[in-house]
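Each chain, letter by letter, is given below.
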Amino acid sequence: MPIVLPKGKKCAVILSWDFDAMSAFVLRGETTPTLISQGEFGARVGVPRVLDLCDKYNFKTTFFVPAWTIEVYPELTKKIFDKGHEIAHHMWCHEDAPQLSPEKELELMEKANEVIKRVTGKYPVGNRSGGFANSNNTIKLMEDHGFLYDSTQMGDDFHPYKCRVGDHGSVSEPWVFGRKSNIIELPISWYMDDYPHFEFRRAPLNPGLHAPSDVFEVWSQEFDYMYDNEENGVYVLTLHPYISGRAHRIMMVERLIQHMMRKKGVWFTRCEDVARCWKD
Ligand SMILES: [Zn+2]
(Lines give C-alpha, C1' and ligand atoms only; values in the text may rest on other atoms or scores of the structure.)
Protein backbone atom coordinates (compact mmCIF):
# COMPACT_ATOMS: atom_id res chain seq x y z
CA MET A 1 0.00 0.00 0.00
CA PRO A 2 2.11 2.95 -1.20
CA ILE A 3 0.07 5.68 0.53
CA VAL A 4 0.20 5.47 4.30
CA LEU A 5 -1.98 8.15 5.87
CA PRO A 6 -1.12 9.74 9.24
CA LYS A 7 -2.14 7.80 12.36
CA GLY A 8 -5.85 8.03 13.05
CA LYS A 9 -6.72 8.94 9.42
CA LYS A 10 -8.79 6.35 7.61
CA CYS A 11 -9.00 8.18 4.29
CA ALA A 12 -8.11 11.51 2.66
CA VAL A 13 -10.47 13.95 0.94
CA ILE A 14 -9.10 16.54 -1.47
CA LEU A 15 -11.69 19.07 -2.63
CA SER A 16 -9.40 20.66 -5.21
CA TRP A 17 -10.33 23.87 -7.01
CA ASP A 18 -9.14 24.74 -10.51
CA PHE A 19 -9.12 28.53 -10.38
CA ASP A 20 -9.18 29.14 -14.13
CA ALA A 21 -11.18 32.41 -14.21
CA MET A 22 -11.35 33.40 -17.90
CA SER A 23 -8.10 31.68 -18.99
CA ALA A 24 -9.75 28.83 -20.93
CA PHE A 25 -12.11 31.28 -22.66
CA VAL A 26 -9.17 33.48 -23.70
CA LEU A 27 -7.24 30.41 -24.91
CA ARG A 28 -10.17 29.59 -27.22
CA GLY A 29 -10.33 33.20 -28.47
CA GLU A 30 -13.60 33.79 -26.62
CA THR A 31 -12.86 37.34 -25.54
CA THR A 32 -16.24 39.06 -25.88
CA PRO A 33 -17.77 40.55 -22.70
CA THR A 34 -20.36 37.88 -21.87
CA LEU A 35 -17.92 35.00 -22.29
CA ILE A 36 -15.24 36.77 -20.25
CA SER A 37 -17.78 37.48 -17.53
CA GLN A 38 -18.54 33.76 -17.20
CA GLY A 39 -14.94 33.13 -16.15
CA GLU A 40 -14.69 36.38 -14.21
CA PHE A 41 -17.48 35.17 -11.91
CA GLY A 42 -14.97 32.68 -10.51
CA ALA A 43 -12.74 35.45 -9.20
CA ARG A 44 -15.40 37.98 -8.19
CA VAL A 45 -17.81 35.62 -6.45
CA GLY A 46 -16.58 32.02 -6.59
CA VAL A 47 -13.20 32.20 -4.87
CA PRO A 48 -14.44 34.33 -1.92
CA ARG A 49 -17.28 31.82 -1.36
CA VAL A 50 -14.86 28.89 -1.56
CA LEU A 51 -12.43 30.51 0.90
CA ASP A 52 -15.30 31.16 3.33
CA LEU A 53 -16.39 27.53 3.04
CA CYS A 54 -12.87 26.24 3.75
CA ASP A 55 -12.64 28.59 6.76
CA LYS A 56 -16.05 27.53 8.06
CA TYR A 57 -15.09 23.84 8.02
CA ASN A 58 -11.48 24.58 8.92
CA PHE A 59 -9.50 22.79 6.23
CA LYS A 60 -6.86 23.62 3.62
CA THR A 61 -6.95 22.44 0.05
CA THR A 62 -5.21 22.77 -3.32
CA PHE A 63 -5.90 25.40 -5.96
CA PHE A 64 -4.59 24.64 -9.46
CA VAL A 65 -4.12 28.05 -11.07
CA PRO A 66 -2.94 28.91 -14.61
CA ALA A 67 -0.06 31.39 -14.34
CA TRP A 68 -1.93 33.71 -16.70
CA THR A 69 -4.77 33.83 -14.15
CA ILE A 70 -2.27 34.57 -11.37
CA GLU A 71 -1.00 37.54 -13.41
CA VAL A 72 -4.58 38.83 -13.76
CA TYR A 73 -5.44 38.24 -10.08
CA PRO A 74 -2.16 38.44 -8.11
CA GLU A 75 -3.74 39.71 -4.91
CA LEU A 76 -6.52 37.15 -4.87
CA THR A 77 -4.02 34.35 -5.53
CA LYS A 78 -1.82 35.65 -2.70
CA LYS A 79 -4.86 35.68 -0.43
CA ILE A 80 -5.58 32.02 -1.27
CA PHE A 81 -1.95 31.13 -0.52
CA ASP A 82 -1.82 33.20 2.69
CA LYS A 83 -4.77 31.20 4.03
CA GLY A 84 -2.61 28.07 3.84
CA HIS A 85 -3.93 26.57 0.62
CA GLU A 86 -1.57 25.07 -1.92
CA ILE A 87 -1.05 26.81 -5.28
CA ALA A 88 -0.24 24.22 -7.95
CA HIS A 89 0.66 24.36 -11.65
CA HIS A 90 -2.22 24.48 -14.16
CA MET A 91 -0.41 25.48 -17.37
CA TRP A 92 0.30 29.03 -18.57
CA CYS A 93 -3.16 29.88 -19.91
CA HIS A 94 -4.96 26.54 -19.57
CA GLU A 95 -3.34 25.05 -22.68
CA ASP A 96 -4.12 21.54 -23.84
CA ALA A 97 -0.68 19.91 -23.42
CA PRO A 98 -1.00 17.39 -26.32
CA GLN A 99 -1.49 20.39 -28.66
CA LEU A 100 1.89 21.87 -27.67
CA SER A 101 5.29 21.04 -29.16
CA PRO A 102 7.74 19.63 -26.57
CA GLU A 103 9.69 22.91 -26.76
CA LYS A 104 6.58 25.03 -26.18
CA GLU A 105 5.38 22.86 -23.29
CA LEU A 106 8.79 23.22 -21.61
CA GLU A 107 8.88 26.99 -22.22
CA LEU A 108 5.38 27.54 -20.79
CA MET A 109 5.99 25.29 -17.76
CA GLU A 110 9.15 27.19 -16.83
CA LYS A 111 7.39 30.53 -17.33
CA ALA A 112 4.44 29.41 -15.19
CA ASN A 113 6.72 28.04 -12.46
CA GLU A 114 8.39 31.46 -12.10
CA VAL A 115 5.03 33.19 -11.70
CA ILE A 116 3.97 30.71 -8.99
CA LYS A 117 7.31 31.16 -7.21
CA ARG A 118 6.76 34.92 -7.16
CA VAL A 119 3.53 34.42 -5.19
CA THR A 120 4.45 31.48 -2.95
CA GLY A 121 8.23 31.77 -2.63
CA LYS A 122 8.77 28.28 -4.08
CA TYR A 123 8.27 26.32 -7.25
CA PRO A 124 5.08 24.26 -7.44
CA VAL A 125 5.28 20.54 -6.59
CA GLY A 126 2.00 19.57 -8.25
CA ASN A 127 0.46 19.76 -11.70
CA ARG A 128 -2.93 19.36 -13.29
CA SER A 129 -2.80 19.85 -17.05
CA GLY A 130 -5.46 21.95 -18.78
CA GLY A 131 -8.55 20.05 -19.92
CA PHE A 132 -7.41 16.88 -18.08
CA ALA A 133 -4.86 16.13 -20.80
CA ASN A 134 -1.18 15.32 -20.30
CA SER A 135 1.05 15.09 -23.35
CA ASN A 136 3.57 12.29 -23.88
CA ASN A 137 6.19 14.71 -22.52
CA THR A 138 4.43 16.09 -19.45
CA ILE A 139 5.56 13.58 -16.83
CA LYS A 140 9.21 13.68 -17.95
CA LEU A 141 9.11 17.49 -17.85
CA MET A 142 7.70 17.31 -14.34
CA GLU A 143 10.51 14.97 -13.23
CA ASP A 144 13.08 17.36 -14.70
CA HIS A 145 11.53 20.28 -12.81
CA GLY A 146 11.32 18.71 -9.35
CA PHE A 147 7.59 18.06 -9.23
CA LEU A 148 6.24 15.58 -6.70
CA TYR A 149 2.79 14.75 -8.02
CA ASP A 150 0.40 14.99 -10.96
CA SER A 151 -3.39 15.04 -10.85
CA THR A 152 -4.40 14.62 -14.50
CA GLN A 153 -4.68 10.85 -15.09
CA MET A 154 -7.41 8.29 -14.52
CA GLY A 155 -5.76 4.89 -13.90
CA ASP A 156 -7.29 4.37 -10.45
CA ASP A 157 -10.10 5.82 -8.41
CA PHE A 158 -8.97 5.90 -4.78
CA HIS A 159 -5.29 4.92 -4.83
CA PRO A 160 -2.41 7.12 -6.00
CA TYR A 161 0.20 5.42 -8.18
CA LYS A 162 3.44 6.24 -10.01
CA CYS A 163 3.03 7.67 -13.53
CA ARG A 164 4.87 6.04 -16.43
CA VAL A 165 7.14 7.63 -19.03
CA GLY A 166 7.62 6.26 -22.53
CA ASP A 167 4.50 4.16 -23.19
CA HIS A 168 4.07 3.38 -26.87
CA GLY A 169 2.13 1.15 -29.23
CA SER A 170 -0.53 1.19 -31.92
CA VAL A 171 -3.47 -0.88 -33.20
CA SER A 172 -1.05 -3.16 -35.04
CA GLU A 173 1.35 -3.89 -32.17
CA PRO A 174 0.94 -4.61 -28.48
CA TRP A 175 0.97 -1.72 -26.06
CA VAL A 176 4.39 -1.31 -24.42
CA PHE A 177 4.37 0.15 -20.94
CA GLY A 178 7.19 2.60 -20.25
CA ARG A 179 9.30 2.97 -17.12
CA LYS A 180 7.84 4.04 -13.80
CA SER A 181 8.59 7.70 -13.08
CA ASN A 182 8.96 9.22 -9.63
CA ILE A 183 5.84 11.36 -10.16
CA ILE A 184 2.90 10.29 -7.96
CA GLU A 185 -0.49 10.38 -9.62
CA LEU A 186 -3.47 11.56 -7.55
CA PRO A 187 -6.06 10.23 -9.99
CA ILE A 188 -9.05 12.22 -11.24
CA SER A 189 -12.02 11.37 -13.46
CA TRP A 190 -14.69 13.20 -15.45
CA TYR A 191 -17.52 12.21 -13.09
CA MET A 192 -15.50 13.67 -10.19
CA ASP A 193 -15.29 17.02 -12.03
CA ASP A 194 -18.04 19.63 -11.79
CA TYR A 195 -17.56 20.75 -15.42
CA PRO A 196 -19.41 17.99 -17.34
CA HIS A 197 -22.21 17.86 -14.75
CA PHE A 198 -22.91 21.56 -14.51
CA GLU A 199 -21.33 23.76 -17.16
CA PHE A 200 -23.55 24.58 -20.14
CA ARG A 201 -21.77 25.13 -23.46
CA ARG A 202 -23.39 25.51 -26.88
CA ALA A 203 -20.42 24.38 -28.97
CA PRO A 204 -19.06 21.84 -28.59
CA LEU A 205 -22.30 20.97 -26.85
CA ASN A 206 -22.09 20.17 -23.16
CA PRO A 207 -25.64 20.22 -21.78
CA GLY A 208 -24.56 20.50 -18.13
CA LEU A 209 -27.03 22.24 -15.80
CA HIS A 210 -27.77 19.09 -13.79
CA ALA A 211 -29.51 19.36 -10.45
CA PRO A 212 -27.00 19.39 -7.61
CA SER A 213 -29.00 16.60 -5.92
CA ASP A 214 -28.14 14.26 -8.85
CA VAL A 215 -24.47 15.13 -8.58
CA PHE A 216 -24.55 14.78 -4.80
CA GLU A 217 -25.71 11.20 -5.35
CA VAL A 218 -22.62 10.42 -7.48
CA TRP A 219 -20.09 12.21 -5.31
CA SER A 220 -21.42 11.00 -1.94
CA GLN A 221 -21.66 7.37 -3.12
CA GLU A 222 -18.09 7.46 -4.37
CA PHE A 223 -17.09 8.60 -0.89
CA ASP A 224 -19.28 6.02 0.87
CA TYR A 225 -17.82 3.17 -1.20
CA MET A 226 -14.26 4.34 -0.53
CA TYR A 227 -14.89 4.77 3.18
CA ASP A 228 -16.32 1.27 3.57
CA ASN A 229 -14.06 -0.68 1.20
CA GLU A 230 -10.75 1.02 0.42
CA GLU A 231 -8.00 1.23 3.01
CA ASN A 232 -5.97 4.49 2.86
CA GLY A 233 -8.33 5.73 0.14
CA VAL A 234 -7.83 9.15 -1.43
CA TYR A 235 -10.89 11.00 -2.76
CA VAL A 236 -10.06 13.72 -5.32
CA LEU A 237 -12.78 16.07 -6.49
CA THR A 238 -12.16 18.71 -9.17
CA LEU A 239 -14.20 21.87 -8.71
CA HIS A 240 -14.14 25.29 -10.39
CA PRO A 241 -14.99 28.55 -8.61
CA TYR A 242 -16.80 29.83 -11.73
CA ILE A 243 -18.96 26.68 -11.84
CA SER A 244 -19.46 25.36 -8.30
CA GLY A 245 -19.18 28.86 -6.84
CA ARG A 246 -22.78 29.39 -8.03
CA ALA A 247 -25.19 29.49 -5.08
CA HIS A 248 -27.20 26.26 -5.50
CA ARG A 249 -24.02 24.30 -6.25
CA ILE A 250 -21.90 25.55 -3.40
CA MET A 251 -24.78 24.68 -1.08
CA MET A 252 -24.46 21.09 -2.35
CA VAL A 253 -20.67 21.10 -1.88
CA GLU A 254 -21.30 22.16 1.72
CA ARG A 255 -23.81 19.33 2.15
CA LEU A 256 -21.18 16.92 0.79
CA ILE A 257 -18.60 18.21 3.30
CA GLN A 258 -21.09 17.69 6.12
CA HIS A 259 -21.88 14.18 4.84
CA MET A 260 -18.19 13.23 4.84
CA MET A 261 -17.41 14.93 8.14
CA ARG A 262 -20.00 12.78 9.90
CA LYS A 263 -17.58 9.83 9.55
CA LYS A 264 -14.53 9.32 11.76
CA GLY A 265 -10.94 9.63 10.50
CA VAL A 266 -11.59 11.63 7.34
CA TRP A 267 -8.62 13.87 6.56
CA PHE A 268 -9.56 16.98 4.52
CA THR A 269 -6.30 18.16 3.09
CA ARG A 270 -4.13 19.35 0.19
CA CYS A 271 -2.73 17.28 -2.67
CA GLU A 272 0.84 17.93 -1.54
CA ASP A 273 0.16 16.55 1.96
CA VAL A 274 -1.25 13.32 0.54
CA ALA A 275 1.58 12.92 -2.00
CA ARG A 276 4.10 13.22 0.86
CA CYS A 277 2.46 10.15 2.47
CA TRP A 278 3.85 7.96 -0.35
CA LYS A 279 6.08 5.17 0.98
CA ASP A 280 8.19 3.24 -1.51
ZN1 LIG B 1 -8.77 24.27 -15.41
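The structure contained in this document is the topic of the report that follows. If you're wondering where the values come from, they're calculated on a predicted model, not measured in any experiment.

Turning next to the overall build of the protein chain. The number of helices and strands found in the protein chain is 11 helices and 11 strands. Whereas a compact globule of 280 residues would reach a radius of gyration of roughly 19 Å, the protein chain reaches 18 Å, a difference of no more than 12%. With respect to the three principal axes, the spread of C-alpha positions in the protein chain is 50 × 45 × 40 Å. Taken across its 280 residues, the protein chain has 55% of its residues classed as buried. A separation of at least 24 residues holds for 73% of the contacts in the protein chain among residues at least 6 apart in sequence. In the form shown here, the protein chain has an accessible surface area of approximately 12800 Å², with 53% of it arising from carbon and sulfur atoms. Between the centroid of the 33 positive side chains of the protein chain and the centroid of its 39 negative side chains there is a distance of 6 Å.

The next subject is the packing of aromatic side chains. Counting across every chain of the model gives nine aromatic pairs. Judged by centre distance (6.5 Å) and plane angle (80°), the rings of F64 and Y149 are edge-to-face. One end of the pair, F64, is in strand β2 (residues 62–65); the other, Y149, is in strand β5 (residues 149–150), with 85 residues separating them in the sequence. Here F64 falls in the buried class, since its relative accessible area comes to 0%.

Let's shift gears to the coordination of the zinc ion. When a metal holds four donors in a tetrahedron, each ideal angle between them is 109.5 degrees; when it holds six in an octahedron, the ideal angles are 90 or 180 degrees. Protein coordination of the zinc ion is provided by D20 (OD), D20 (OD), H90 (NE2) and H94 (NE2), with donor distances spanning 2.1 to 2.4 Å. What the four donor atoms of the zinc ion show is an angle range of 54 to 138° at the metal, which sorts the shape as irregular. Counting the intervening residues between successive donors of the zinc ion yields the motif D-x69-H-x3-H. With D20 in the loop between β1 (11–18) and α1 (23–27) and H90 in the loop between β3 (86–89) and α5 (102–120), the pair connects residues that are 70 residues apart, well separated along the chain. By the burial criterion, D20 is buried, and H90 matches it.

What counts, and where the lines are drawn
Residues numbered from 1 in each chain as written. Predicted model: local features only at pLDDT ≥ 70, side-chain atom pairs only at ≥ 80, totals over all residues. Heavy atoms only, no water. Helix = DSSP H or I, 4+ residues; strand = E, 2+ residues; numbered from the N terminus. Rg over C-alpha atoms; globule rule 2.2 N^0.38 Å. Buried < 20%, exposed > 50% of the residue type's maximum accessible area, 1.4 Å probe, protein only. Contact = heavy atoms within 4.5 Å. Areas by Shrake-Rupley, 256 points an atom, 1.4 Å probe, with all protein chains shown as cover. Lys, Arg positive; Asp, Glu negative; His and termini not counted. Charge placed at Lys NZ, Arg CZ, Asp CG, Glu CD. Phe/Tyr/Trp six-rings, centres within 6.5 Å; stacked < 30°, edge-to-face > 60°. Donors = N, O, S within 2.8 Å, 3.2 Å for Na, K, Ca; no water. Tetrahedral: all angles 85-135°; square planar, octahedral: opposite > 155°, others 65-115°.

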